[in-house]
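Observations on the three-dimensional arrangement
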Amino acid sequence: MLDEALKKSKNRTVGVKQTLRALEKESLICVYVARDAESHVVRPILEQCRNKGIQVQEVQNMLELGKACGIEVGAAVAALLSE
């Protein structure tokens with residue numbers, strides 16, 4: 001189930017590159033990963049989240065995650081940024 005905070009937040013990242021950058025700065029509250037995303041794409045993000053103790057929530061598919069982020073294409077990863 002997709003969290004309403006992601007839909008309403010302006011402080012978020014969308015996509016693998018932006019999320020990895022935010023992970024390096026340690027400024028994330030929660031990471032959302034689409035179940036149908038390719039494992040080799042999301043593996044580095046999942047590993048960093050596990051190492052840093054950041055909560056990861058699964059989303060049904062990439063299209064649903066993309067829509068929640070306000071884009072018209074699918075997204076493998078998105079994240080909420082701390083303010």
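Scroll up to find the structure.
Residues numbered from 1 in each chain as written. Predicted model: local features only at pLDDT ≥ 70, side-chain atom pairs only at ≥ 80, totals over all residues. Heavy atoms only, no water.

1. So, the pattern of salt bridges
Put simply, the test is: Only one rule defines a salt bridge in this text: a Lys or Arg side-chain nitrogen within 4 Å of an Asp or Glu carboxyl oxygen. Helix and strand labels come from DSSP, where a helix needs a run of H or I of at least four residues and a strand needs a run of E of at least two; each type is numbered from the N terminus. Exposure is judged per residue with a 1.4 Å probe applied to protein chains only, and the accessible area is read against the type maximum: over 50% gives exposed, under 20% gives buried, and values in between give partly exposed.
Within the structure shown, the criterion is met by one salt bridge. Here glutamate 58 ties to arginine 35 by a salt bridge, and the two come within 2.9 Å at their closest N and O atoms. With a gap of 23 residues between them, glutamate 58 in strand 3 (residues 55-59) and arginine 35 in the loop between strand 2 (28-34) and helix 3 (39-52) connect regions that are remote in the sequence. Residue classification places glutamate 58 among the partly exposed residues on the basis of a relative accessible area of 49%.

2. Comments concerning the sheet that holds strand 3
In plain terms, the rule: When DSSP finds at least two bridges between two strands, those strands are taken to pair. Between N-to-C directions, angles span 0 to 180 degrees; the directions come from axes that are lines fitted to C-alpha atoms, helices contributing only their stretch in contact.
The strand order across the open sheet built from four strands is 1-4-2-3, with neighbouring strands paired in mixed fashion. One side of each edge strand has no neighbouring strand; the edge strands of this open sheet are strand 1 (12-14) and strand 3. Ignoring strand direction, the axes of neighbouring strands in this sheet form an average angle of 20 degrees. Both strand 2 and strand 4 (residues 77-81) contribute to a ladder of five bridges, which runs antiparallel. Note that in strand 4 the partner of valine 31 across the bridge is alanine 79.

3. Some words on the environment of alanine 76
Threshold: Contacts are assigned to residue pairs that have any heavy atoms within 4.5 Å of one another.
If you trace the backbone, alanine 76 turns up in the loop between helix 4 (62-68) and strand 4. A sequence separation of 43 residues divides alanine 76 from valine 33, and the C-alpha atoms of the two residues are 5.9 Å apart. Beyond its immediate stretch of four places on either side in the chain, alanine 76 contacts Tyr32, Val33, Ala34, Ala37, Val42, Met62 and Leu65.

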